[in-house]
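Residue-level listing of the chains:
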Amino acid sequence: MLSPIDIKNRKLKGEKVSMITAYDYAFAQMAEAAGVDQILVGDSLANTMLGYKKTSDVGMNEMLVFVAAVCRGAPNTHVVADMPYLSDRDPQTAYDNARRFMDLGASSIKLEGTPEGVIEFLCGHGIPVCAHHGLLPQTAENFKQKGRTEEEAASIIKAAKFTDDLGCFEMVLEHIPEELGKRITGMVNAVTIGIGGGKFTDGQVLVMHDALGMHLGKNPPFAPKFVDMFALGVEGFRKYIENVKSAAK
Ligand code: KIV
């Protein structure tokens, strides 16, 4: 299992880090069998697994079930547990919630933005933290690329530097211009993991349902599809139905 130190060593050696979301036992087993470096139990499960409209619709109780399932399915992989909306609203609440994830077997937690006093408290109490900058789905007003104006880019750089100085071992950079992803990657010690952050980040993350083609909707422009599991699943179900219907009475 890769520790935060191993992950940072990859940055030093220039080796890319692969992260993918997974949410349940079966897919965690699949991701581990494929050899992915890190599994993120993202709050994107609000959309992909539960059919909610916004990631902020999911809470701790639901996240705990999914994090536990993934830890059981991928016991030898670094599992990053995503802090759901408001679960990190103050340092003590964030610590108590992060602890619950770590006690289930998570290797680190991820949180969006720079909630006041939280990151220093978590890092100071032995919780490895992955930050998240750029597009922050829990609070974003829209899903447009962030950091296009000088002012917005400067504020993302400031947040990235701030969380780096606080000791985050890693940070997700979501939906920002490639040049900004490159700039931040060059200025922080933390490992940068891009999703729509260009090719220069230290690693990449994708939502499993986009990467494996598991939904009917359109992928975001930056998310490639590597297989069409939705079509494969429908085909399998149809074969099963045919098999049932054609069986002799
Ligand atoms: O919840 C999630 O899946 C995420 C990724 C988009 C990075 O935060």
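Residues numbered from 1 in each chain as written. Predicted model: local features only at pLDDT ≥ 70, side-chain atom pairs only at ≥ 80, totals over all residues. Heavy atoms only, no water.

(A) Region of interest: the site of the ligand. What surrounds the ligand is the set T21, L40, G42, D43, S44, D82, K110, H132, V172, E174, I195 and V207. D43 places a side-chain nitrogen or oxygen 3.0 Å from an oxygen atom of the ligand. In isolation the ligand exposes 260 Å². Once the protein is present, 95% of that is buried. Taken atom by atom, the bulk of the ligand overlaps the largest pocket. Across the shell around the ligand, the residue classes break down as 4 nonpolar, 4 polar and 4 charged. (Near = heavy atom within 4 Å. Polar contact = N/O pair within 3.5 Å; in protein donor to acceptor, adjacent residues only side chain to side chain. Areas by Shrake-Rupley, 256 points an atom, 1.4 Å probe, with all protein chains shown as cover. 1 Å grid on protein atoms, 1.4 Å probe; cavity = no way out; pocket = protein on both sides within 12 Å on 5 of 7 lines; lining within 4 Å. Sits in = over half its atoms within 2 Å of the grid points. Nonpolar A, V, L, I, M, F, W, Y, C, P; charged D, E, K, R; others polar.)

(B) Quick peek at the pairing of strand β7 (residues 191-195). By the criterion of burial, β7 is predominantly enclosed, with 5 of the 5 residues buried. Neither face of β7 is exposed, since V191, I193 and I195 on one face and T192 and G194 on the opposite face are all buried. As paired strands, strand β6 (residues 170-174) and β7 are joined by 5 bridges and run parallel to one another. If you follow E174 over to β7, its bridge partner there is I195. A crossover connection joins β6 to the parallel β7 through helix α8 (residues 178-187); in handedness this β-α-β unit is right-handed. Strand direction decides the pairing type here: β7 and strand β8 (residues 203-206), joined by 2 bridges, are parallel. Note that in β8 the partner of G194 across the bridge is Q204. (Buried < 20%, exposed > 50% of the residue type's maximum accessible area, 1.4 Å probe, protein only. Helix = DSSP H or I, 4+ residues; strand = E, 2+ residues; numbered from the N terminus. Pairing = 2+ DSSP bridges. Right-handed = clockwise from strand over helix to strand, strands pointing away.)

(C) Broad picture of the packing of aromatic side chains. With the rule as written, the count across this model stands at 1 aromatic pair. Judged by centre distance (6.1 Å) and plane angle (85 degrees), the rings of Y95 and F121 are edge-to-face. Highlighted residues: Y95 in helix α5 (residues 91-104) and F121 in helix α6 (residues 118-124), separated in sequence by 26 residues. Residue classification places Y95 among the buried positions, given a relative accessible area of 18%. Under the relative-accessibility criterion, F121 is labelled partly exposed at 23%. (Phe/Tyr/Trp six-rings, centres within 6.5 Å; stacked < 30°, edge-to-face > 60°.)

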